[in-house]
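# Report on the structure
Okay, here's what each chain looks like letter by letter:
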Amino acid sequence: MSEPRVVTLPFGGPPLTRAALDGTTPPDWYAPVPSTVSAWQTRVTEVARDASSGDWQSALAPAFAAEGAAAARLERSAAGRGVVVTTGQQPGLFGGPVYTWSKALSALALADAIERATGVPAAPVFWAATYDADFAEASASYVILNGSLTTLQLPLPDRPDRSMRDTPLGDVAPLLRLLEKACGSAVKHDALEAVRSAYEPGQTIGLAYVRLLRAILQPLGIAVLDAGHPAVRRAARPLLARALEQAPGIDEALRAREGELRAHGYEPPVAHVRGLSTVFRYADERRTRIPIAEAHADADAQLEPNVVLRPVVERALMPTVAYLGGPGEVAYFAQSTAIAQHLGVAAPLVLPRWGGTIIEPHVQRLLERHHLDADDLRDPHAAESRLARTQLPDAVRDALARYAAGAQSLNDALRATLAADGAAPLVPDAVLDGVRNNVSYRLQRLERRIVAAAKRREATAMHDIAVARASLYPLGKPQERVLNFIPLLARHGAPLLDLMRARAGEHAASLLEGHASPAKERIAAPR
């Protein structure tokens, strides 16, 4: 097998997310999800005709800097002709983990599905949150080198409180060399060239991220919005000024929603801090949360939304028919809708993104060699123990089984003899049970010692499992949440994107049919 396998993952998340996708939350917590193609047609038409976002394409053009297929799709959807499907993520080093790209392909797949089903143009948009100041998340990424997980880490900058759009990248040449090594020798060079071009000396973390995303996503038709661009702040300012003016009311609305969530047994996903508005002031390359006591829209102030206000702003800036989010994002939209309802603006609709695991050919061969499924690697020790047991000679396994059966048979025979001789009352059943359990425990200890010896003997097999686990469950987490995508893309090129897009397309089709949660699929080796 020369191509990787791409397997759709079940959509997890906290109980609130599950309830939202099952449709069991109170109706005002989430915007209603269309359940039929006809209902989607109605929603798409209404959103496209909504004039509240105005000439959004012109207003946001500098922040899009769109070219090629991405620019064409934006143009088709502008001026009331169509809608956009959005998703997004804050910056990650060298593009971040796999799920950043899965999100983008989710938006593309749903936009394609909407166009086919309704005939209304739909443009996929990736909201790159370059205003984010989480240096810890933006500065690290993980790759596999020589079968082991390796961390790529930027050094701490002089000012770690800056937005990523303004934080200098520094010298990434050593990390680029490690990334190149992680790609291997037989690579498609386009991906690496895109990284080298984006992560040039003198660049910032946020803008390098945007440049890389655009290089790979724009040819697919996905526009990348630099959400920290001044054009976005200008376009969002009227709504953010309203949010400041109505900060006390928004505060009460969020408190009320928190109370409702707790009354239904859910913890609010985003902790709302009393006394602070949902708006940040951006000055001196620093974001500062504006206290409600100071909530007035300074004419010269640059304003940005917090995490729960952001979906409301995004829906106001563009004719956003749906946002594709991860499990945590789906949960906090219950709080975002409370803000939208208070402001009297359209509530954003959230849908579950697609996510998947990429099983490369060499990993697939390791699984098949040892008769394992990828799911067997979730547990940090189960696969090793199972494999070691399969490595025991048949004679050893048979001897252990005979020993256990013989001990049980002798215990049963003794119990029957005592009962026949009338001596049973002198030796209670509990004593015999204790003897049986003691023998069973010692047999289990003996088996564990034999298995441990087999593990040591089968060092090569254990190495195979370690390599497979590093690829599929690094740090004990699903691959998509940890591994950098670029080495995978460099090794497999455009066909990998095609496979992921096809899987995301299946997911998008299920969303249009009213199934908000993707079907579970076991990550099994083909038999």
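Anything mentioned here points back to the structure above.
Below is a summary of the structure that appears in this document.

Thresholds, definitions, all that
- Residues numbered from 1 in each chain as written.
- Predicted model: local features only at pLDDT ≥ 70, side-chain atom pairs only at ≥ 80, totals over all residues.
- Heavy atoms only, no water.
- Helix = DSSP H or I, 4+ residues; strand = E, 2+ residues; numbered from the N terminus.
- Buried < 20%, exposed > 50% of the residue type's maximum accessible area, 1.4 Å probe, protein only.
- Arc of directions from axis to C-beta.
- Contact = heavy atoms within 4.5 Å.
- Patch = residues over 30% accessible without salt bridge, like charges linked within 9 Å, V, L, I, M, F, W, Y side chains within 5 Å.
- Areas by Shrake-Rupley, 256 points an atom, 1.4 Å probe, with all protein chains shown as cover.
- Salt bridge = Lys/Arg side-chain N within 4 Å of Asp/Glu carboxyl O.
- Lys, Arg positive; Asp, Glu negative; His and termini not counted.
- Charge placed at Lys NZ, Arg CZ, Asp CG, Glu CD.
- Pairing = 2+ DSSP bridges.
- Axes fitted to C-alpha atoms, helices over the stretch in contact; angles between N-to-C directions.

Of note in the backbone geometry, N146 takes a positive phi value of approximately 55° without being a glycine. As for its position among the elements, N146 is in the loop between β4 (140-145) and β5 (148-153). Although it is not a glycine, H371 adopts a positive phi angle of roughly 55°. With respect to the secondary-structure elements, H371 resides in the loop between α14 (361-369) and α15 (382-391). On the basis of relative accessible area, H371 is assigned to the exposed category, the value being 55%.

Turning next to helix α7 (residues 173-183). Burial in α7 covers these residues: L175, L176, L179, A182 and C183. Down the axis of α7, the smallest arc covering the buried residues is 115°, so these residues share one side. Along its buried surface, α7 packs onto β4, β5, α8 (189-198) and α19 (486-492). At the C-terminal side of α7, G184 shows a positive phi close to 85°.

Positive charge collects at one region of the surface, where R442, R445, R448 and R449 lie side by side. Mapped onto the secondary structure, R448 falls in helix α17 (residues 429-457). Overall, the relative accessible area of 46% leaves R448 in the partly exposed class.

The subject of this paragraph is the sheet that holds strand β3 (residues 122-128). Taken in spatial order, the five strands line up as β6-β3-β2-β10-β11 in an open sheet, and their pairing is parallel. Every other strand in the sheet has two partners, leaving β6 (223-226) and β11 (350-352) as the edge strands with one partner each. Each adjacent strand pair in this sheet contributes to an overall mean axis angle of 30°, direction not counted. Where helix α2 (residues 37-49) meets the sheet, it contacts β2 (83-89), β10 (320-325) and β11, and its direction lies at approximately 115° from that of β10. On top of the sheet, helix α13 (residues 327-343) reaches β2, β10 and β11; it is set at about 130° to β10, its chief contact.

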